[in-house]
Amino acid sequence: MITRQRLAAGMCALLVAMTAGIAFPAAAVAGEPTGETAPQVDLVLDVSGSMRTADIDGGTRMAAAKQAFNEVLDATPEEVQLGIRTLGANYPGDDQKTGCKDTAQLYPVSTLDRTEAKTAVATLSPTGWTPIGPALLKAADDFADSDGSKRIVLISDGEDTCAPLDPCEVAREIAAKGIGLTIDTLGLVPNSKMRQQLSCIAEATGGTYTSVEHTDELADKVNQLVDRAADPVVTPVATEGAEACAKAPTLKSGLYTDREEFGKQRWYRVDVDPGQELRASVSVAADRSVNPDYGVLLRAVTVHGREIVRGETAGNGRTDAVSTGLRYPKAESDEDEAPAETVCLQVTNSYSAASGVKTTPGLPLELTVDVVDGPSSAGDVASFGLGRGWWLLGALILTGFLAGLIWGWLSRWRLAVWRTN
């Protein structure tokens, strides 16, 4: 029983590691958090004219935002570097071209001076347009160049008014840069169009969207997002796969992001020493409207094109992301200095864009690579798919055979006694 529990626990741990990409070696590797860099959060607040509307707990939307910000500034963890950016706060005129440039950094992303930040927020007054796209572009440059987590929290009460710069496309461009920036969005008293736009922005970067209709809800949600930024996270490392294995980048254990065009493939290389095991998993997300019935294929092949193992999965339009994985244990070698084997990983998708949807940039792809020491002995691996279950199977067969013999003997004895009587 203990052996079976250990095997079950080991298998569960393996599956979790392959899916989440957390089973990395003790040394720091690509995409692994070191815990030494301060997390950074940029609060982006809509200060457009519509924020004057009084429909949140009897007060204006701007009053609710200010109250929530004061509570958030009081509760921000010391280790979090926080900044504030506004959109629509300074230009009250009717010229769209000028209004769509109206975004400014109210407080820089840095160690928080609560008094100074509160004073800056207190001066805000609902003014102009709603340039969400331009504000997000500027906000992406507000962060210091570091390996810590980066998060934008966008709070708005309306959709962008600066088309054709689509804020959803801006979010996809930010995600394609591979800088590990997440955008969360909060919609104040949302309508369907605003909800759709803010949801799209969040989904493009792996963030969340929440609708808010009360002041306490706004403060609680922003606090949650700021606290989440302080949690240890694995920041994916941007890479660029090739069209063929020969030109593919060589990856070590870690978490990687890339972009893959619709219906295309990307190649990556991994070196596996004798006695090691390669574990890889991939997720491809539909960050825009796609046609139903799609799939993702992950193959491990030799440099000569022979398939070693594959993993594949399919979707039907009800999920935003699909994932699959594979394992490849390389046998021990009798040679003391046997060379590593180069394994080519091929990621292929069968997504197709819905009518009128842009196909660039490609779909976001997240690849987990983990090269670990293989099982130490044959007894630790599966044998014909049963592993140590052969012992249990043999015991059950022997027990059944003995039970049959005993039952047959008892039946014959009882029959003999019955005939005698």
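Values in this document were obtained by computation on a predicted structure and should not be read as measured data.

(A) Local environment of helix H5 (residues 132-139). With six of eight residues buried, H5 is to be regarded as a mostly interior element. For H5, the full list of buried residues reads Ile132, Gly133, Pro134, Ala135, Leu136 and Ala139.

(B) Quick look at the environment of Thr115. As for its placement among the helices and strands, Thr115 is situated in helix H4 (residues 114-122). It is 9.4 Å that separates the C-alpha atoms of Thr115 and Asp74, two residues lying 41 residues apart in sequence.

(C) View of helix H6 (residues 167-176). Taking burial as the measure, the 10 residues of H6 include seven buried ones, the bulk of the element. Where H6 is concerned, the buried positions are Pro167, Cys168, Glu169, Val170, Ala171, Arg172 and Ile174. A positive phi of about 70° marks Gly178, the residue just after H6.

(D) Quick peek at the packing of H6 against helix H7 (residues 192-204). Between H6 and H7, the least distance of the axes is 8 Å, while the angle of their chain directions is 5°. Here H6 lies roughly parallel to H7, going by the angle between them. Contacts from Pro167, Cys168, Ala171, Arg172 and Ala175 in H6 reach Gln197, Cys200, Ile201 and Ala204 in H7.

(E) Local environment of the pattern of salt bridges. Considering all chains together, one arrives at 14 salt bridges under this definition. Residue Arg266 is joined to Asp258 by a salt bridge in which the shortest nitrogen-to-oxygen separation is 3.3 Å. Comparing Arg266 with Asp258 shows no difference in burial state: the two are buried. For Lys330, the salt bridge is made with Glu341, and the minimal N-O distance between the two is 3.3 Å. With Lys330 in the loop between strand E15 (321-329) and strand E16 (341-349) and Glu341 in strand E16, the pair connects residues that are 11 residues apart, well separated along the chain.

(F) Broad picture of a nonpolar patch on the surface. A surface patch of nonpolar side chains, about 630 Å² in accessible area, is lined by Ile406, Trp407, Trp409, Leu410 and Trp413. In this structure, Leu410 sits in helix H9 (residues 389-420). Overall, the relative accessible area of 33% leaves Leu410 in the partly exposed class.

(G) Structural context of the state of the cysteines. Applying the stated criterion across every chain, the model contains three disulfides. The side chain of Cys168 participates in a disulfide bridge whose partner is Cys200; the two sulfur atoms lie 1.6 Å from each other. Classification of the bridge connecting Cys168 and Cys200 rests on its S-S torsion, roughly -45°, and on that basis the disulfide is left-handed. Separated by 32 residues along the polypeptide, Cys168 in helix H6 and Cys200 in helix H7 bring together distant segments of the chain. For the pair Cys168 and Cys200, one class covers both residues: buried. Between the sulfur atoms of Cys245 and its disulfide mate Cys344 the distance is 1.8 Å. Across the S-S bond linking Cys245 and Cys344, the dihedral sits near -60°, which makes this disulfide left-handed. Residue Cys245 is found in the loop between strand E9 (237-238) and strand E10 (254-260), and its partner Cys344 is found in strand E16; the two are separated by 99 residues along the sequence. Here Cys245 and Cys344 have matching classes, each one buried. Numbered in order of appearance, the disulfide-bonded cysteines of the protein chain are paired 1-2, 3-4, 5-6.

(H) Representation of a negative patch on the surface within the structure. A surface patch of negative charge is lined by Asp57, Glu71, Glu213, Asp216, Glu217 and Asp220. It is helix H8 (residues 215-230) that provides the largest number of residues to the negative patch, a total of three residues. With respect to the element layout, Glu213 can be found in the loop between strand E8 (209-212) and H8. Judged by its relative accessible area of 43%, Glu213 falls in the partly exposed class.

(I) Focus on the sheet that holds strand E11 (residues 265-272). The strand order across the open sheet built from four strands is E11-E16-E13-E14, with neighbouring strands paired in antiparallel fashion. Of all strands in the sheet, those with a lone pairing partner are E11 and strand E14 (307-315), marking the two edges. Here the strands of the sheet are splayed against their neighbours by 15° on average, with no regard to which way each runs.

What counts and how
Residues numbered from 1 in each chain as written. Predicted model: local features only at pLDDT ≥ 70, side-chain atom pairs only at ≥ 80, totals over all residues. Heavy atoms only, no water. Buried < 20%, exposed > 50% of the residue type's maximum accessible area, 1.4 Å probe, protein only. Helix = DSSP H or I, 4+ residues; strand = E, 2+ residues; numbered from the N terminus. Axes fitted to C-alpha atoms, helices over the stretch in contact; angles between N-to-C directions. Parallel < 35°, antiparallel > 145°, perpendicular 65-115°, else oblique. Contact = heavy atoms within 4.5 Å. Salt bridge = Lys/Arg side-chain N within 4 Å of Asp/Glu carboxyl O. Patch = residues over 30% accessible without salt bridge, like charges linked within 9 Å, V, L, I, M, F, W, Y side chains within 5 Å. Areas by Shrake-Rupley, 256 points an atom, 1.4 Å probe, with all protein chains shown as cover. Disulfide = S-S within 2.5 Å. Lys, Arg positive; Asp, Glu negative; His and termini not counted. Charge placed at Lys NZ, Arg CZ, Asp CG, Glu CD. Pairing = 2+ DSSP bridges.

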